[in-house]
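One letter stands for each residue in the lines below.
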Amino acid sequence: MVCGQVCPQCGIEDAVPVVRGLPDSALAQAADRGLVVLAGCVVFEDRGAFHCRGCAHEWGSADDPTTDEQHLADLLGVSYDSVVRAIGTGWRRVGTDLAAVTWFLSGEPPQVAVGVAAGMLTLAPVSAVEDLSAAWEAGRSFTRDDVLCSPEWLAEAADEFARARRRTFRWCGRCRRPFAPEDFAGYRGTCVPCAERAGGTR
Ligand SMILES: [Zn+2]
Ligand SMILES: [Zn+2]
């Protein structure tokens, strides 16, 4: 399992890295037809970097950063590989910069925020992107050197924030996906989109 890698689709943390390059093409074809399962992780080219053992979703790529992910690495002045090693993939830039800090979120629903400014990286609760006090109170800052030399410190901190956030998620029994509390229609016991569909407003 890859620590700190939370499935952006189902929200559980049970991901395995996608290992590229199968030894044998017959085996690969068999896997493609669903005839074999290779350690819970069926691998072909152009797949994500991580595979969820819970729902089989794949995401992220350590070789092919999105524009936002490359921007994060550039702001920090490190290679994208170093970013992936410390805080994983799936980062997207959010909103406007707050107090000269550029914010990114990861996860769906979002689970961790990261703010970058002046060669420092701050891991923080998701609420930090709209409310700086959350970043000051709970955020944990790291230097560029930490990112390069002690990526495990960042992975651990990111994991803590993600776990705390996931504890607030509620499961929609209708569409079978996790939702953040603000997207959950508590009175109906489903997510807001499902509640709206059921109510015929869409
Ligand atoms: Zn999943
Ligand atoms: Zn739903």
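Going by the structure above, here's the rest.
All values reported here derive from a predicted model rather than from experimental measurement.

Draft legend 1. Highlighting the coordination of the zinc ion (ligand 2). Only Cys172 (SG), Cys175 (SG), Cys191 (SG) and Cys194 (SG) from the protein reach the zinc ion (ligand 2) as donors, at distances of 2.2 to 2.4 Å. Around the zinc ion (ligand 2) sit 4 donor atoms; with metal-centred angles ranging over 98 to 116°, the donor geometry is tetrahedral. Donor residues for the zinc ion (ligand 2), ordered by position in the chain, follow C-x2-C-x15-C-x2-C. Among the residues examined, Cys191 registers a relative accessible area of 0% and is labelled buried.

Draft legend 2. Main features of the side chain of Arg166. In this fold, Arg166 is placed in helix 6 (residues 151-166). Look at Arg166 and you get buried, because its relative accessible area is 16%. Here Gln111 takes part through its side chain, which lies 3.4 Å from a polar atom of the side chain of Arg166. Not counting residues within four places of it along the chain, the set of residues in contact with Arg166 comprises Val6, Gly11, Glu13 and Gln111.

Draft legend 3. View of the nonpolar core. Ranked by size, the top nonpolar core spans 24 residues in total, and within it Leu72, Ile87, Val114, Leu121, Leu123 and Leu154 carry the most contacts. Elements supplying a minimum of two residues to this core: helix 2 (67-76), helix 3 (80-87), strand 6 (112-117), strand 7 (120-124) and helix 6. Once you skip the residues sitting within four places of it in the chain, Ile87 turns out to touch Leu72, Val114, Leu121, Leu123 and Leu154.

About the cut-offs
Residues numbered from 1 in each chain as written. Chains lettered and ligands numbered in written order. Predicted model: local features only at pLDDT ≥ 70, side-chain atom pairs only at ≥ 80, totals over all residues. Heavy atoms only, no water. Donors = N, O, S within 2.8 Å, 3.2 Å for Na, K, Ca; no water. Tetrahedral: all angles 85-135°; square planar, octahedral: opposite > 155°, others 65-115°. Buried < 20%, exposed > 50% of the residue type's maximum accessible area, 1.4 Å probe, protein only. Helix = DSSP H or I, 4+ residues; strand = E, 2+ residues; numbered from the N terminus. Polar contact = N/O pair within 3.5 Å; in protein donor to acceptor, adjacent residues only side chain to side chain. Contact = heavy atoms within 4.5 Å. Core = buried A, V, L, I, M, F, W, Y, C linked by side-chain atoms within 4.5 Å.

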